[in-house]
Amino acid sequence: MSKIKNAEIKYYGVRGSIPTPGEKFKEYGGNTTCLFIELEDDIIIIDAGTGIRVLGLDLLKREFGTKEGGTAHIFFSHTHWDHIQGFPFFIPAYLPQNTFHVYGETKEIKGLDAKDKEVLETWTIERTIRTQQTFMFFPASTQNMGSKLIFNELNFNSEKKINNFSVKTIRLRHPNNSMGFLFNFAGEKFCFCTDVEHNDEMITELSKFAKGCKVLAYDCQYTPEEYVDGKIGWGHSTFEAAAEICEKGGIENLHMIHHDPMHDDQFIKKLEKRAQQRFKNTLAVKEGFNFFI
Ligand SMILES: [Zn+2]
Ligand SMILES: [Zn+2]
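Below is a short write-up of the structure. Everything numeric here is computed off the predicted structure, so don't read it as measured data.

### Points about the sheet that holds strand E10 (residues 165-172)
Right, so step 1: Spatial strand order, E9-E10-E11-E12-E13-E14-E15: 7 strands in an open sheet with mixed pairing. The open sheet has two edge strands with one neighbour each: strand E9 (159-162) and strand E15 (282-284). Between one strand axis and the next, the sheet turns through 20° on average, direction left out of account.
Right, so step 2: Pairing of E9 with E10, which is carried by 4 bridges, proceeds in the antiparallel orientation. What sits directly across from Lys 161, in E10, is Ser 166.
Right, so step 3: Here helix H6 (residues 239-249) sits on the sheet in contact with strand E13 (215-219) and strand E14 (253-257), set at roughly 155° to E13.
Right, so step 4: Where helix H7 (residues 265-278) meets the sheet, its contacts fall on E14 and E15, and the angle it forms with E15 comes to roughly 170°.

Spelled out as structure tokens, the structure:
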């Protein structure tokens with residue numbers, strides 16, 4: 001029996017909230033959320049924060065830059081700026097030979113219609129991504145992007161099988177929700193949960209959702225002290241909550257992501273040490289870090 005190759009995973013952006021350039025931030029990186037996963041037959045991208053610009057340049061060096069073109073699946077955790085703002089600069093999406101299957105939640109939001117605050121408005125992932133590139137925000141619309149963009153609604157608590165991988169979803173506590181993903185690549189599991197605020201229920205739910213997975217990438221934006229001192233309700237979490245999820249769920253490795261823009265390299269290093277004392281197999285992820293599962 002041939003050995004099944006699982007996944008290669010690379011982080012192109014691990015900064016939370018807003019891009020954070022500068023000398024003091026260069027080790028962990030300033031680009032916002034973007035993750036690249038390569039399987040034997042598939043390419044998966046999670047979120048289009050500013051990191052996706054650099055990913056796009058890398059993809060142009062391979063099939064996405066050739067006449068034959070390439071295909072990838074892009075999953076959106078949610079559509080806050082730091083998770084979509086790189087998309088207009090994702091060059092492979094402008095080339096007609098490429099195809100992108102895009103997945104995200106449909107949000108029903110009350111009160112956007114000024115005439116009647118009770119009217120629900122429907123924001124599909126397609127509508128939100130296209131709106132970001134309307135004339136008042138960006139010169140090139142998504143209609144100017146020559147690639148094939150195929151939009152798909154993805155619901156919470158669902159499971160989808162695509163070619164040789166599957167993905168399960170969960171609703172995360174965050175203003176207007178975020179979506180957590182559990183990928184299964186030939187039996188190896190990788191869980192990605194960003195933009196999530198813990199409470200007892202969320203910790204229990206996530207420990208069940210991510211049970212036994214090889215790696216949990218989790219929003220560790222705040223120190224436990226920052227969290228209780230003014231950040232409750234902001235939609236983000238701590239390494240302590242992450243460690244609890246990992247212990248309860250028998251998870252092998254914790255990857256701390258969505259670093260706060262106020263935390264420079266020295267600060268994150270210290271935070272990582274504290275986190276490792278709480279849960280040994282913890283890594284504060286640096287932009288550009290890659291690994292195999
Ligand atoms: Zn975010
Ligand atoms: Zn968010």
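### Here we look at helix H1 (residues 51-60)
Right, so step 1: The set of residues buried in H1 consists of Gly 51, Ile 52, Leu 55, Gly 56 and Leu 59. All buried residues of H1 fall inside an arc of 140° around its axis, so they share one side.
Right, so step 2: Buried residues along H1 sit in contact with strand E1 (8-13), strand E2 (34-38) and strand E3 (43-46).

### Things to note about the coordination of the zinc ion (ligand 1)
Right, so step 1: Taken together, the protein ligands of the zinc ion (ligand 1) are Asp 82 (OD), His 83 (NE2), Asp 195 (OD) and His 258 (NE2), with distances of 2.1 to 2.3 Å.
Right, so step 2: The distance between the zinc ion (ligand 1) and the zinc ion (ligand 2) is 3.7 Å, with Asp 195 acting as a donor to both metals. Taken together, the positions of Asp 82 in helix H2 (residues 81-84) and Asp 195 in the loop between strand E12 (188-193) and helix H4 (200-209) put the pair 113 residues apart, joining distant regions of the chain. The same class applies to Asp 82 as to Asp 195, namely buried.

### Side note on the coordination of the zinc ion (ligand 2)
Right, so step 1: Protein-derived ligands of the zinc ion (ligand 2) are His 78 (NE2), His 80 (ND1), His 174 (NE2) and Asp 195 (OD), with the metal-ligand distances lying across 2.1 to 2.3 Å.
Right, so step 2: Note that the zinc ion (ligand 2) binds 4 donor atoms; their angles at the metal cover 88 to 174°, and the shape is irregular.
Right, so step 3: Spacing between the donor residues of the zinc ion (ligand 2) along their common chain follows H-x1-H-x93-H-x20-D.

### A look at the pattern of salt bridges
Right, so step 1: Taken as a whole and judged by the stated rule, the model has 15 salt bridges.
Right, so step 2: The partner of Lys 24 in a salt bridge is Asp 264, and the shortest N-O contact between them spans 4.0 Å. On the criterion of sequence distance, the pair formed by Lys 24 in the loop between E1 and E2 and Asp 264 in the loop between E14 and H7 is long-range, its members being 240 residues apart.
Right, so step 3: Given the relative accessible area of 17%, Asp 264 is considered buried.
Right, so step 4: Across the salt bridge formed by Lys 107 and Glu 105, the nearest N and O atoms sit 2.7 Å from each other. Each member of the pair, Lys 107 together with Glu 105, is buried.
Right, so step 5: Linked through salt bridges whose partners overlap, the residues forming this network are Glu 27, Lys 269 and Lys 286.

The rules behind these values
Numbers given to residues run from 1 along each chain, matching the order in which its sequence is written. Written order decides the labels, with chains lettered from A and ligands numbered from 1. Two thresholds apply to this predicted model, a pLDDT of at least 70 for residue-level local features and 80 or more for giving and counting side-chain atom pairs, whereas whole-chain, interface and lining totals are computed over all residues. Processing note: side-chain calculations cover all non-hydrogen atoms of the structure and skip hydrogens and water entirely. Here, any two strands with at least 2 DSSP bridges between them count as paired. Going along the chain from the N terminus, every DSSP run of H or I of four or more residues is numbered as a helix, and every run of E of two or more is numbered as a strand. Note on geometry: axes are C-alpha line fits, over the in-contact stretch for helices, and angles between N-to-C directions span 0 to 180 degrees. Any pair of residues with heavy atoms lying within 4.5 Å of one another is described as a contacting pair. A simple rule labels every residue: compare its accessible area, found with a 1.4 Å probe on the protein chains alone, to the largest value its type can have, and call it buried under 20%, exposed over 50%, or partly exposed in between. The arc in question is formed by the directions pointing from the helix axis toward the C-beta atoms. In this description, a donor is an N, O or S atom within 2.8 Å of the metal centre, a cutoff extended to 3.2 Å for sodium, potassium and calcium. Water is not part of the atom list, which can make sites seem incomplete. Irregular is the default label, applied whenever a site is not tetrahedral (four donors, all angles between 85 and 135 degrees) and neither square planar nor octahedral (four or six donors, opposite donors over 155 degrees apart, all other angles between 65 and 115). Salt-bridge detection follows one rule: a side-chain nitrogen of Lys or Arg within 4 Å of a carboxyl oxygen of Asp or Glu.

Purely spatial values, then, with no claim about function.
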